[in-house]
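What the coordinates show
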Amino acid sequence: MTRPTAAPRIDSARLKTHVDALNALAVDCSPDASSIHLHNGRDTSLPPADLHGSYTNNRPLPTEGIADRHAYIVGSGIAGLAAAFFLIRDGHMPGANITLLEALKVEGGALDGSGNAEEGYLIRGGREMDMTYQNFWDVFSEIPALELPAPFTVLDEYRIVNDADKNYSKARLLEKQGQLKDFSTMGLSKLRQLELIRLLLARKEDLDDITVEEWFSQDFLNTNFYMFWRTMFAFQNWHSVLEMKLYMHRFLHLMDGLNDMTALVFPKYNQYDSFVRPLMAWLKAQGVKTQYNTIVLDLQIEAGDKTLTTTAIQCRHNDKEETINIGARDLVFVTTGSIVEDTAYGDGDTVPQLTLAEHSPAAGSGWQLWKNLALKSPVFGRPEKFCGNVPASMWESATLTCTHSALTDKIKALSVNDPYSGKTASGGIITFTDSSWLMSFTVNRQPHFPDQPADVLVVWVYALIMDKPGDFIKKPMVECTGNEILTEMCFHLGLIEQVDEVIAASKVRTALMPYITGQFMPRAKGDRPWVVPAGCSNLACLGQFVETHNDVVFTLESSVRTARIGVYSLLGIKKQVPDIFPGQYDIRRLLRATRTLNNDEAFLGEGILRRLLGGTYFEHILPLGPDEKPEDLHKPGMFEQQLSALRTMFEKSQTLDAPKKWIQAAIDTLRGRR
Ligand SMILES: Cc1cc2nc3c(=O)[nH]c(=O)nc-3n(C[C@H](O)[C@H](O)[C@H](O)COP(=O)(O)OP(=O)(O)OC[C@H]3O[C@@H](n4cnc5c(N)ncnc54)[C@H](O)[C@@H]3O)c2cc1C
């Protein structure tokens, strides 16, 4: 049983000199690694902006008077829950001083998981995850495990599951009604690779409001690379190319696991049971209060000369209007915008009916709260950029609860392990590349729900294109019942003959999400508020629609990051939140990614690198070809091949013997050879 933690009483007499110096130090809670020239010097008492690991696991000291301060957190998605966690663990705020205000009757926001085997389970999505979700794993390295006794944590459990059960896919792409399509390479020609390199080199500030299809050629959009990319991360052609760039940098270390999904890790169960349930249990044990059925309508904000101070929260609690006054030293955290707001649900026989919340200043909705804030000051950004074009931000998912049928047999054939074994099944999404809806499905580890019967499989299906008729069902997905969606899926799996049997053995529940990719909509500087918008003394914005220096959106990690930055900034905690994992600066990852994007063939200059580094201490930084072993790096050949390729690139009469000799001499000198 977790006990509430009391703020530690610190007798700082012996550390006074250093504590005073620390208190006087100006600490940027969210340093920007992409704008700092890394060096050691008299000005570097703090760790580098993106240092991760044990040295950054220090516990900050409590700030003055913390036991008497209170915090109100609007929204109990992972951002809100993480804010409560960091207030307690790093801010030393008593849990009983924290209140979560949640519009719904359940916590978790996008992290859902409900239903049962009889009526059908429901998940709006699955969670592809990465080992470098540093802030997220920091939280869950402290939260008691679900199925292990104390002192084990959710992270311990997650590692046990994933360390011994590698995720990979053997059927990432399908076509022609159930035929495997080659997904071994990215299919990028040299010119298409240059389009990507151009994006990596572009400055962030030069990409305002530019879309993916404006940046890339049509040929690029037809490559395997883009198929992997858009279906894995849910990018649309009309989305922000800046977001795509940020993803490239943030996940550059995953590039060689993009095609077969070896880059990913997954939870054992659905995201509600895996993460929300244990985190919520810990917060409750700490005394955190949750007020459900409470929609926050607006904040009263007093504008000073250069400051904005939140003085009250106006909300509707169980249909009654209430005002919560905010004390002079109290804090407010608001989740601005939600990708799952206004989700419409359907089932096997019904079509989800979209009813969007009325967006007027007095109407209660998450988006409206952000709009109301934006009316008060430009520092809160422009919410309509993200929620103002529903056809462009909407897609639908379906959850199938399946007993044995031709569908489960087919799933077995496409899975890397027996899907009933508890181990990785499909290993991530499988995409029908010739589907007009661009439909994908995934079978995560089973059972996906703790109470799921052993003979049931839970399958998640989604599609990206919402306005085109299907290939068998001649209607757009949004006009279909769950059984019609299942029929379209059976068509693409080559199971149309058996569709009646499959429908009889499956329950379908659907979720149409009008803002699911609102966070990817084209945006420009100033469209999203900073975590603590300029001038705000006691208000932080959390979630997916908030500016950070380098993090991406549509991840668990980025919501947790905003929560942590918000808590540290408002409390004045003398500690940095490390910037994104610095994999993009690791030469090994860069070389590996370069080769992967070059369809796993040697890239220009790789021959010289092999000549230079082969047989030296640094040999291991060189990427290996698909069938190569480390000892193959010593084989001659690539250097000469690349030189002769270069030769043909230049005018025929030009001889490269002289430069070749010069390069060889330089290499020999460098390596101490005569
Ligand atoms: C289908 C799907 C697939 C996904 N796949 C992945 C994935 O593979 N990997 C990954 O890392 N991430 C994934 N994500 C993203 C990730 O789950 C979300 O980014 C994250 O959970 C968002 O959390 P949040 O707390 O910021 O917002 P939300 O989860 O949207 O929570 C916001 C909460 O605030 C409440 N709220 C909002 N406004 C108000 C108000 N005015 N008053 C009271 N309450 C309010 C809402 O009711 C809601 O509960 C996916 C999400 C979905 C939906």
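Residues numbered from 1 in each chain as written. Predicted model: local features only at pLDDT ≥ 70, side-chain atom pairs only at ≥ 80, totals over all residues.

**Some thoughts on the overall build of the protein chain**
Selection criterion: Numbered from the N terminus, helices here are DSSP runs of H or I no shorter than four residues, and strands are runs of E no shorter than two. Between the buried cut of 20 or more and the exposed cut of 12 or fewer other C-beta atoms within 10 Å of a residue's own C-beta lies the partly exposed class, and all C-beta atoms are placed from the backbone. Once C-beta atoms have been placed from the backbone, residue pairs whose C-beta atoms lie within 7 Å are recorded as contacts.
Along the backbone of the protein chain there are 21 helices and 18 strands. Overall size of the protein chain, expressed as C-alpha extent along the three principal axes, is 85 × 75 × 50 Å. Each of the 674 residues in the protein chain was classed as buried or not, and the buried ones make up 46%. In the protein chain, of all internal contacts separated by at least 6 residues, the share reaching a separation of at least 24 is 74%.

**A look at the nonpolar core**
Stated formally: Note on definitions: a nonpolar core is a set of buried residues drawn from Ala, Val, Leu, Ile, Met, Phe, Trp, Tyr and Cys, linked by C-beta atoms within 7 Å.
Judged by nonpolar contacts, the single largest core of 168 residues is most densely connected at I73, A82, A83, A84, F333 and V461. Once residues lying within four places of it in the same chain are set aside, the contact partners of F333 are A71, I73, V74, G80, A83, A540, L542 and G566.

**Here's the deal with the sheet that holds strand β16 (residues 457–463)**
Our working definition: Here, any two strands with at least 2 DSSP bridges between them count as paired.
With mixed pairing, eight strands are arranged side by side in an open sheet as β6-β5-β14-β15-β16-β13-β17-β12. Two strands in the sheet have a free side with no partner beyond their single neighbour: β6 (179–180) and β12 (344–347). As judged from the two bridges shared by strand β5 (residues 173–175) and β6, these two strands associate in the antiparallel manner. Following the sheet pairing, E175 is matched in β6 by Q179.

**Regarding unusual backbone geometry**
The bulk of non-glycine residues show a negative phi, and the bulk of peptide bonds are trans. A cis amide bond links A150 with the next residue in sequence, P151, at an omega value of 10 degrees. Position of P151 among the secondary structure elements: in the loop between α3 (134–140) and α4 (154–163). A cis amide bond, omega -5 degrees, links Q446 with the succeeding residue P447. By secondary structure assignment, the location of P447 is in the loop between β15 (439–442) and β16. One non-glycine residue with positive phi stands out, namely D342, at about 60 degrees. Of note, D342 is situated in the loop between β11 (331–335) and β12.

**Digging into the site of the ligand**
Rules: The rule is simple: place the C-beta atom from the backbone, and if it lies within 6 Å of a molecule or strand, the residue is near it.
Around the ligand sit 36 residues in total, of which G75, G77, G109, G125 and G366 are the nearest. Among the elements of the structure, α2 (78–89), β8 (294–303), α11 (366–376) and α17 (556–571) are those that each provide at least two residues to the shell around the ligand.

**Topic: α4**
For the record, the criterion: Throughout, the arc means that of the directions going from the helix axis to the C-beta atoms.
Listed as buried for α4 are V154, E157, Y158 and V161. All buried residues of α4 project into a common sector of 100 degrees when viewed along the axis, lining one side. On its buried face, α4 is in contact with α3 and α10 (271–285).

**What to know about the sheet that holds strand β1 (residues 71–74)**
Convention followed: Axes here mean lines fitted to C-alpha atoms, for a helix over just the part in contact, with angles spanning 0 to 180 degrees between N-to-C directions.
Here five strands make up an open sheet; going across it, the order is β7-β2-β1-β11-β18 and the pairing parallel. One side of each edge strand has no neighbouring strand; the edge strands of this open sheet are β7 (289–291) and β18 (539–542). Adjacent strand axes in the sheet meet at a mean angle of 20 degrees, parallel and antiparallel pairs treated alike. Two elements, β1 and β11, share four bridges in a ladder whose sense is parallel. Bridging from a neighbouring strand, A71 pairs with L331 of β11. Along the sheet, α17 contacts β11 and β18; its crossing angle with β18, the most-contacted strand, is approximately 170 degrees.

**Remarks on the environment of D668**
As for its placement among the helices and strands, D668 is situated in helix α21 (residues 657–670). Note on D668: 12 C-beta atoms within 10 Å, which makes it exposed.

**As for the packing of α2 against α10**
The relative placement of two packed helices is expressed as an angle between their axes plus a distance between the axes. Using the following cut-off: Here the angle decides the label: under 35 degrees means roughly parallel, over 145 means roughly antiparallel, 65 to 115 means roughly perpendicular, and every other value means oblique. For any pair of crossing helices, the crossing counts as left-handed if the nearer helix is rotated counterclockwise from the farther one by less than a right angle, and right-handed if it is rotated clockwise. Gly is put with the polar residues, along with every residue not named as nonpolar or charged; the nonpolar set is Ala, Val, Leu, Ile, Met, Phe, Trp, Tyr, Cys and Pro, and the charged set is Asp, Glu, Lys and Arg.
Where α2 meets α10, the closest approach of the two axes is 11 Å, and the angle between their N-to-C directions is 40 degrees. In terms of axis orientation, α2 runs oblique to α10. At the point where α2 passes α10, the crossing takes the left-handed sense. From α2, L81, A84 and F85 reach across to α10, where they touch L279, M280 and L283. The residue makeup of the contact of α2 with α10, split by class, is six nonpolar, no polar and no charged.

**Looking at the environment of I411**
Here I411 lies in helix α14 (residues 406–414). Considered as a pair, I411 and T648 are 237 residues apart in the sequence and their alpha carbons are 49 Å apart. With residues near it in sequence (within four places) discarded, I411 still touches P419, V443 and L457.

**What to know about the pairing of β8**
For β8 and strand β9 (residues 308–317), the ladder comprises nine bridges, and the chain directions are antiparallel. Bridge pairing links A303 to L308 in β9.

**Some remarks on the environment of S76**
Counting through the fold element by element, S76 comes out in the loop between β1 and α2. Exposure remark for S76: the 28 C-beta atoms within 10 Å place this residue in the buried category. With 182 residues separating them in the primary sequence, S76 and L258 have C-alpha atoms 32 Å apart. Once you skip the residues sitting within four places of it in the chain, S76 turns out to touch L81, L100, E102, E107, G108, G109 and T290.

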